[in-house]
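# Topology and contacts: notes
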Amino acid sequence: MSLFYSIVPKFRKTSIFSRILPATTYLLPITFADKPPLLAIRKLQPQRIFNGQQLLESGTVLLVDQTGTILDMVPADQAGDNIEILNGWLGPGFINCHCHLELSHMLGVIPEKTGLLSFVKQVMQNREIAEEKQQQAIQIADQQLWNQGVQAVGDISNQTATLSTKLNSPITYHTFIELTGWHPSVAESRYQTALACEQAFASHSLRHSLSPHAPYSVSANLWKKISPHFSHQTITLHNQESADEQLLFERGTGNWPLFYESLGIGHSEFEPTGKSSLQSVLPLMKEATTVLLVHDTFSQAADMQWAQSYHPGICWCICIRANQYIENALPPIAELRSIGARIVVGTDSLASNNSLSILHELYEIQQHFPEVSTPELLTWATYNGAQALQLNESLGSLQPGKRPGILLLNNISDQGQLQQSTQVQRLW
Ligand SMILES: [Zn+2]
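Residues numbered from 1 in each chain as written. Predicted model: local features only at pLDDT ≥ 70, side-chain atom pairs only at ≥ 80, totals over all residues.

### Here we look at the overall build of the chain
Helix and strand counts for the chain stand at 14 helices and 17 strands. Its C-alpha atoms give the chain principal-axis dimensions of roughly 80 × 50 × 40 Å. Going through the 428 residues of the chain one by one, you find that 45% of them count as buried. Across the chain, the fraction of contacts at a sequence separation of at least 24, relative to all contacts at a separation of at least 6, is 71%. (Helix = DSSP H or I, 4+ residues; strand = E, 2+ residues; numbered from the N terminus. Buried ≥ 20, exposed ≤ 12 C-beta atoms within 10 Å, placed from the backbone. Contact = placed C-beta atoms within 7 Å.)

### Comments concerning the environment of Leu-292
Relative to the assigned elements, Leu-292 resides in strand S13 (residues 290-295). C-alpha of Leu-292 to C-alpha of Pro-331: the two residues are 39 residues apart in sequence and 15 Å apart in space. Those residues in contact with Leu-292 that lie beyond four places of it in its chain are Cys-97, Gly-154, Thr-234, Thr-236, Cys-315, Cys-317, Val-344 and Ala-388.

### Remarks on the sheet that holds strand S3 (residues 48-49)
Across the sheet, which stays open at both edges, the 4 strands sit in the order S3-S7-S16-S17 with mixed pairing between neighbours. Edge strands, defined here as strands with exactly one partner in the open sheet, are S3 and strand S17 (423-426). (Pairing = 2+ DSSP bridges.)

### Quick word on the domain arrangement of the chain
Entries for the chain in the domain assignment read domain 1 (2-91) and domain 2 (94-395). Look at where the C-alpha atoms of domain 1 and domain 2 centre, and you get two points 39 Å apart. Taken together, the 6 residues of domain 1 in the interface contact 5 residues of domain 2. Its residues assigned to classes, the side of domain 1 that touches domain 2 comprises 2 nonpolar, 4 polar and no charged. (Domains from an automatic or database assignment. Nonpolar A, V, L, I, M, F, W, Y, C, P; charged D, E, K, R; others polar.)

### Comments concerning the pairing of strand S12 (residues 234-239)
When you tally the buried positions in S12, you get 6 out of 6 residues, the bulk of the element. The two faces of S12 match: Thr-234, Thr-236 and His-238 on one face and Ile-235, Leu-237 and Asn-239 on the other face are all buried. In the sheet, S12 pairs with S13 via 6 bridges, with the strands oriented parallel. Note that in S13 the partner of Thr-234 across the bridge is Thr-290.

### Describing the sheet that holds S13
If you walk across this open sheet you meet the 4 strands as S12-S13-S14-S15, and the pairing is parallel. Of all strands in the sheet, those bounded by a partner on one side alone are S12 and strand S15 (343-345). In this sheet, neighbouring strand axes are inclined to one another by 30° on average, regardless of whether the strands run parallel or antiparallel. When strand S14 (residues 314-318) meets S15, the two strands line up parallel, connected through 3 bridges. Each bridged residue has a counterpart across the sheet, and for Trp-316 the counterpart in S15 is Ile-343. Sitting on the sheet, helix H14 (residues 374-388) is in contact with S12, S13, S14 and S15, with an inclination near 105° to S15. (Axes fitted to C-alpha atoms, helices over the stretch in contact; angles between N-to-C directions.)

Shown next, in the form of structure tokens:
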């Protein structure tokens, strides 16, 4: 690597980079006795390059080595000969900030648009399955994520079922070890289960953090146990996914109390706060570096503004296809954009989506919010996602030295809009 970087800038400075290298695939002329492996370089000129934050001038050429490491971007007239012309936009690999890989066997199991409470109940009833079938579904989902251009995933896990797939995957996973427990009496046992799960991921050096499931499913006792783990971490929370969540926290009413009773879980120890659920629980997550608030379907503008000013590390994760699947609702994208919120994108699980394709999510967002440009959407799904998962040193943008995955997006319209026929092809 160090030898490589000492060579390439010299070629560029003297402008002989392309002239002395004869073929489409270039080999650096290394002839030392203990020579390192030869490094091939490709020069790619797509219709446009999206670097993670913006579209570059057309006519820009991306220089990349055979491992997919970004070397440079130069104007075509400085790139010399043997440039490969590509039809489409080039950009970095996608970051999926919200998934539940362990629910991949639930594709098509739960009917659509039945509301969150019914959905949660059906997940609880259907999540158990023979281990072999679960493992098979997890592996297929992991392969599909990779093939569809996903470079990193923020993945919710309640157990260790996804561990072996994550160990062997080219995808970088950040596992959010999720805790639920509404009745205060189960706090200690749930906490111990999560610690065992954490130990399993830690022993394989897999990225992870403890995270609460949702305001309506974590007791004060459990918050007390997990909050000390949040310092300097990226954590996540299912936020304001139903109107009932607001009613529960503001007044102790709505359908959640009935739901707890139907499950035989008492909730008499819960005291309504008189505030929104977000304002009630965000102070418990203050020590986290980043708090990924997922769904936000029923978030109000005042709440969003309050959260933005309260915590500098707030990210808003949009899972638009899951919102439609579960609640037949749309996320508050216009409001979030109007306050300059940092937005990222997730797919949720195959229990509430029929694919884990980030491109499908972006297309769906643009169908409902055509004012959001494709470069802005791509920023949410690349640069912002990498920053949220604290992976921005290596992923999320096309910068020299990074190996962020390189995608070719075909069939973007002449006006720069995503189309149903837009496809993603992974080059690295
Ligand atoms: Zn989720």
